[in-house]
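Spelled out from the first residue to the last, the chains are:
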Amino acid sequence: MGASLSPLSVKGLTVAYQKKPVLRDIGFEIPEGKLIGIVGPNGAGKSTLIKAVLGLIPRASGQVSIYGRPYTEQRKLIGYVPQRESVDWDFPTSALDVVMMGRYGHLGWFKRPGAKERELAMDCLEKVGMADFAGRQISQLSGGQQQRIFLARALAQDARLYFMDEPFVGVDAATEKAIITLLNELKKQGKTVLVVHHDLATVKEYFDWILLLNVELMGIGPVGEWFTKEHLQRTYGGRLALLDRDDDAVIVSAR
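Residues numbered from 1 in each chain as written. Predicted model: local features only at pLDDT ≥ 70, side-chain atom pairs only at ≥ 80, totals over all residues. Heavy atoms only, no water.

A. Fine view of the pattern of salt bridges. Applying the stated criterion to the full structure yields seven salt bridges. Between Lys 191 and Asp 158 there is a salt bridge, and its shortest N-O distance comes to 3.1 Å. Within this pair, whereas Lys 191 is found in the loop between α6 (173–188) and β8 (192–196), its partner Asp 158 is found in the loop between α5 (143–157) and β7 (161–165), the two being separated by 33 residues in sequence. For Lys 191, a relative accessible area of 11% gives the class buried. Taking relative accessible area as the criterion, Asp 158 reaches 46% and is therefore assigned partly exposed. Across the pair Asp 208 and Lys 187 runs a salt bridge, and its minimum N-O distance is 2.8 Å. Pair noted here: Asp 208 is in the loop between α7 (203–206) and β9 (209–214) and Lys 187 is in helix α6, with a separation of 21 residues, a long-range link. Judged by relative accessible area, which is 31%, Lys 187 ranks as partly exposed. (Salt bridge = Lys/Arg side-chain N within 4 Å of Asp/Glu carboxyl O. Helix = DSSP H or I, 4+ residues; strand = E, 2+ residues; numbered from the N terminus. Buried < 20%, exposed > 50% of the residue type's maximum accessible area, 1.4 Å probe, protein only.)

Have a look at this one:
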């Protein structure tokens with residue numbers, strides 16, 4: 001894989017439910033080693049974009065390539081943290097087992113994880129502050145703890161490109177801090193991370209790039225260029241409330 005290849009290239013991506021477009025003709029490329037926030041109003045298609053890229057929902061049209069090749073050929077390079085409410089937390093398994101599932105792509109489904117995988121999984125749990133909960137059933141964990149377990153599983157995958165669907169929703173301050181620490185660690189390792197994010201007040205602090213979405217792609221690029229009042233109003237329309245502190249800072253709320 002050449003260094004010049006984009007971690008993710010999307011061309012002409014359209015997704016429709018009952019013939020109504022949810023995403024329309026989306027196209028972009030992203031550079032490697034960036035933290036990228038995907039933002040837009042409710043119903044803009046943010047989670048749909050991730051699921052369509054990963055082949056979890058059908059596309060009406062469009063092409064997706066991961067480092068220049070189809071997603072189906074590059075699965076091992078991808079880590080995915082879904083929305084917490086989409087997971088069956090009553091499934092009878094321990095935190096450690098969930099994290100070791102992140103190694104199956106490297107092992108193959110018919111080879112059981114051994115001591116090496118267990119050690120790596122424990123290291124990932126340590127990084128998210130959950131090593132003491134390795135033997136705990138996931139149903140017995142709090143929402144923030146469950147989210148950290150899924151982050152540890154994504155870490156165990158040792159991917160190059162990560163997708164995280166609203167990882168900050170419903171978590172406590174300690175978990176939010178743990179997530180940010182993890183994101184920055186992944187960035188230092190040269191990984192690329194796309195995060196569906198709803199809290200615009202933290203965009204400048206958390207991300208390098210921003211992808212503005214409202215059914216259509218409204219803009220993508222460095223936060224300093226695209227996280228502006230003009231671009232946000234275009235993306236959110238009347239659903240945006242702005243409070244200017246100075247020319248450099250925009251404190252916003254939107255749904």
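B. The arrangement of the packing of aromatic side chains in detail. This model, assessed by the stated rule, comprises two aromatic pairs. Centroid distance Tyr 206 to Phe 207: 6.3 Å. Interplanar angle 75°. Geometry classified as edge-to-face. In this structure, Tyr 206 and Phe 207 share a single accessibility class: buried. Each residue in the set Phe 168, Tyr 206 and Phe 207 is aromatic and connected to the rest through ring pairs, giving one cluster. In this structure, Arg 160 is placed above the aromatic ring of Tyr 67, and the distance from its NZ or CZ to the ring centre is 3.9 Å. (Phe/Tyr/Trp six-rings, centres within 6.5 Å; stacked < 30°, edge-to-face > 60°. Lys NZ or Arg CZ within 6 Å of the ring centre and 35° of its normal.)

C. Spatial organisation of the nonpolar core. Counting residues in hydrophobic clusters, the biggest one holds 46 residues, and the most contacted among them are Val 99, Leu 125, Ile 149, Met 164, Leu 183, Val 193 and Val 203. For this core, the element with the highest residue contribution is α5, accounting for seven residues. Those residues in contact with Leu 183 that sit more than four places away from it in its chain are Leu 35, Met 164, Phe 168, Val 193 and Val 195. Counting residues in hydrophobic clusters, the runner-up holds 31 residues, among them Val 10, Ile 38, Ala 52 and Trp 209. (Core = buried A, V, L, I, M, F, W, Y, C linked by side-chain atoms within 4.5 Å. Contact = heavy atoms within 4.5 Å.)

D. Representation of the pairing of strand β2 (residues 20–30) in the model. Pairing of strand β1 (residues 8–17) with β2 involves seven bridges; the strand directions are antiparallel. Its bridge partner lying in β2, Leu 8 is registered against Ile 30. Once β1 ends, the chain turns through two residues before running back antiparallel as β2, passing Gln 18 with a positive phi of about 50°. (Pairing = 2+ DSSP bridges.)

E. Inspection of the packing of α5 against α6 at higher detail. At a minimum axis separation of 10 Å, α5 and α6 run at an interaxial angle of 10°. One finds that α5 runs roughly parallel with respect to α6. As α5 runs across α6, the sense of the crossing is left-handed. Listed contacts from α6 to Gly 144, Gln 147, Arg 148, Leu 151 and Leu 155 of α5 are Ala 174, Thr 175, Ala 178, Ile 179, Leu 182 and Leu 186. Tallied by class, the residues present in the contact of α5 with α6 amount to seven nonpolar, three polar and one charged. (Axes fitted to C-alpha atoms, helices over the stretch in contact; angles between N-to-C directions. Parallel < 35°, antiparallel > 145°, perpendicular 65-115°, else oblique. Left-handed = near helix turned anticlockwise from the far one by under 90°. Nonpolar A, V, L, I, M, F, W, Y, C, P; charged D, E, K, R; others polar.)

F. Main features of the sheet that holds β9. Spatially, six strands are ordered β6-β7-β8-β3-β9-β10 in an open sheet, and the strand pairing comes out mixed. With partners counted over all chains shown, the strands left at the sheet margins are β6 (78–81) and β10 (216–222), one partner each. The sheet shows a mean angle of 15° between the axes of neighbouring strands, direction not considered. Here β7 pairs with β8 via five bridges, running parallel. For Met 164, the partnering residue across the bridge sits in β8 and is Val 195. Sheet contacts for α5: β6 and β7; angle to β6, the most-contacted strand, approximately 175°.

G. The sheet that holds strand β5 (residues 69–70), seen in detail. What the four strands build is an open sheet, ordered β2-β1-β4-β5; its pairing is antiparallel. Among the strands making up the open sheet, the edge pair consists of β2 and β5. Relative to β5, strand β4 (residues 61–66) runs antiparallel, the two sharing two bridges. In the strand pairing of β5, Ser 65 is matched with Pro 70. Each of β1, β2 and β4 touches helix α1 (residues 46–53); the most contacted strand, β1, lies at about 115° to it.

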